[in-house]
Amino acid sequence: MLRGAREWLTGAADGEIRALEEVPGIDPERLRELWCAEPELMLRLDRLHAAAQRAFERRTRTAVTEDLLRALGAVARGADVGRLETAVALAETRLEADTVTAGARGLNIGLAFGVVVSPVVLVVVFALGEWVPRLFGIHLGCQERQALVHSLVCFAGGAMGAVFSVIIRLRDPQQLIRSRAGRAAPAADPVQLSQTLRQEGWYRVVVGWFLATALFLLVSGGVLTVLTPPATPADLCGPGPLSAAGHEALVKAWFFWGAIGFLAGLNERWAHGLLRHPAAPRDEAGREDGTGRA
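Residues numbered from 1 in each chain as written. Predicted model: local features only at pLDDT ≥ 70, side-chain atom pairs only at ≥ 80, totals over all residues. Heavy atoms only, no water.

(A) Main features of the overall build of the chain. Looking only at helices and strands, the chain features 11 helices and 0 strands. Going residue by residue from the N terminus, the α and β elements of the chain occur as α-α-α-α-α-α-α-α-α-α-α. Looking at the chain as a whole, 36% of its 294 residues qualify as buried. The long-range fraction of contacts in the chain, counting pairs at least 24 apart against all pairs at least 6 apart in sequence, stands at 77%. (Helix = DSSP H or I, 4+ residues; strand = E, 2+ residues; numbered from the N terminus. Buried < 20%, exposed > 50% of the residue type's maximum accessible area, 1.4 Å probe, protein only. Contact = heavy atoms within 4.5 Å.)

Okay, here's the thing in structure tokens:
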């Protein structure tokens with residue numbers, strides 16, 4: 001049960017990759033004849049056979065490998081080559097779907113981890129905000145505490161905005177893989193792809209945190225005057241208890257800073273270029289003009 005849960009999250013464990021020549025029950029001489037007669041088809045088969053043994057889900061590994069070997073064995077015994085072509089085409093489709101599943105699951109796990117960790121980070125930051133000033137003999141007053149709470153509300157909104165931004169832009173699973181590898185290639189390592197996108201999902205949440213914090217500093221510092229908070233910490237702190245209007249202003253301030261953080265988190269796509277190797281665009285341009293150079 002634990003193994004199944006782990007493989008659902010991180011992919012099936014790596015095993016020994018066996019070449020076609022190492023599969024028992026297939027005549028090596030007949031295999032060489034097929035390579036000579038159908039080189040392109042056999043090359044696709046060889047690549048898919050290796051990719052199937054690296055598939056993300058174990059059931060995909062088993063099913064695709066068995067189907068390919070069954071079709072190859074039938075053709076080696078004299079069956080029509082069309083059966084092998086059909087098996088190869090079906091294997092390509094299933095492995096592409098497996099790659100998309102690996103990428104989507106990895107990104108979703110990364111985003112979920114960021115959402116779960118966000119409240120923990122908020123509590124830690126709030127505790128540090130209360131404790132660190134005391135080391136220097138500084139005690140936070142009502143206004144300072146209100147400002148700290150507003151910053152944390154904005155911080156949480158940034159995490160939610162980043163997650164929402166990724167979800168609405170990746171409704172097409174194929175887009176997920178194209179944005180990462182250029183296309184859904186079954187020959188890629190889907191387990192590694194899942195791990196990479198788990199990290200990327202976490203990075204997106206972190207980017208949302210920083211964008212929300214930056215916007216909070218700009219608005220609170222008076223640098224950005226287009227957005228005006230409904231209530232400042234000074235308005236919410238007084239000698240006596242808050243009035244009904246004061247409580248209403250307090251709630252509005254929470255919603256205001258949460259919305260500001262959410263809007264900032266929606267712009268996490270600004271960091272998309274930071275997650276790519278800087279040479280990738282030049283390589284793609286070189287392939288387009290046929291020179292292989294930038």
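Next comes the rest of the write-up.
(B) Representation of the state of the cysteines. Using the criterion set out here, one finds 1 disulfide in the structure. Disulfide pairing is shown between C142 and C237; the S-S distance is 2.0 Å. Handedness here is read from the sign of the S-S torsion; for C142 and C237, about -80°, the answer is left-handed. Of the two residues, C142 is situated in helix α6 (residues 142-169) and C237 in the loop between α9 (233-236) and α10 (244-265); the sequence distance between them amounts to 95 residues. Given the relative accessible area of 40%, C142 is considered partly exposed. (Disulfide = S-S within 2.5 Å.)

(C) Representation of the pattern of salt bridges within the structure. Tallied over the entire structure, the rule returns 11 salt bridges. For the salt bridge of R32 with E29, the shortest nitrogen-to-oxygen distance reads 2.5 Å. Here E29 and R32 lie together in helix α2 (residues 28-37), a separation of 3 residues that amounts to about one turn. Judged by relative accessible area, which is 47%, R32 ranks as partly exposed. For E29, a relative accessible area of 41% puts it in the partly exposed group. Among the salt bridges present, the one from E57 reaches R105, with a minimum N-O distance of 3.4 Å. Of this pair, E57 sits in the loop between α3 (39-52) and α4 (58-76) while R105 sits in helix α5 (residues 81-135), placing them 48 residues apart in sequence. With respect to burial, E57 and R105 carry one shared label: buried. Several salt bridges share partner residues, and in doing so they unite E57, R59 and R105 into one network. (Salt bridge = Lys/Arg side-chain N within 4 Å of Asp/Glu carboxyl O.)

(D) A look at a nonpolar patch on the surface. A cluster of nonpolar residues, V120, V124, L128, W131, V132, L135, F136 and I138, forms a patch on the protein surface that exposes about 800 Å² of accessible area. Among the structural elements, F136 can be located in the loop between α5 and α6. For F136, a relative accessible area of 64% translates into the label exposed. (Patch = residues over 30% accessible without salt bridge, like charges linked within 9 Å, V, L, I, M, F, W, Y side chains within 5 Å. Areas by Shrake-Rupley, 256 points an atom, 1.4 Å probe, with all protein chains shown as cover.)

(E) Structural view of the nonpolar core. Membership of the largest hydrophobic core comes to 22 residues, with the highest contact counts inside it found for M42, L45, L68, L72, L84, V88 and L95. Per-element accounting of this core gives the leading share, 6 residues, to α3. With residues up to four places along the chain from it excluded, the contact list for L68 reads L45, L48, H49, L84, A87, V88 and A91. (Core = buried A, V, L, I, M, F, W, Y, C linked by side-chain atoms within 4.5 Å.)

(F) Inspection of the packing of α5 against α6 at higher detail. Relative to each other, α5 and α6 sit at 175°, their axes nearing to 10 Å. Classed by the angle they form, the pair α5 and α6 counts as roughly antiparallel. Side by side, α5 and α6 meet where L107, L111, V115, S118, V121, L122, V125, F126, G129 and E130 of the first sit next to R145, L148, V149, L152, F155, A156, A159, V163 and V166 of the second. Looking at the contact of α5 with α6 residue by residue, the classes come out as 15 nonpolar, 2 polar and 2 charged. (Axes fitted to C-alpha atoms, helices over the stretch in contact; angles between N-to-C directions. Parallel < 35°, antiparallel > 145°, perpendicular 65-115°, else oblique. Nonpolar A, V, L, I, M, F, W, Y, C, P; charged D, E, K, R; others polar.)

(G) Summary view of α3. Taking 1.5 Å of rise per residue, the 14 residues of α3 would be expected to cover 20 Å, and the 20 Å separating its terminal C-alpha atoms lies within 8% of that figure. Turning to α3, its buried residues number three or more, namely L41, M42, L45, L48, H49, A51 and A52. Against the buried residues of α3 lie α2, α4 and α5. (Expected span 1.5 Å × (residues − 1).)

(H) Structural detail: the side chain of T65. Mapped onto the elements, T65 comes out in helix α4. Apart from the residues lying within four places of it in its own chain, the contact partners of T65 are H49, A52, Q53 and T60.

(I) Looking closely at the packing of aromatic side chains. A complete count under the given rule lists 6 aromatic pairs for this structure. Site record: aromatic cluster; members linked through ring pairs are F113, F155, W202 and W209. (Phe/Tyr/Trp six-rings, centres within 6.5 Å; stacked < 30°, edge-to-face > 60°.)

(J) Summary view of the side chain of R105. Owing to a relative accessible area of 15%, R105 belongs among the buried residues under this scheme. Each residue touching R105, except ones within four places of it in the same chain, is listed here: W8, F56 and E57.

(K) Geometry of the environment of I109. With respect to the helices, strands and loops of the structure, I109 is situated in helix α5. The contact partners of I109, leaving out residues within four places of it in the chain, are L9 and R198.

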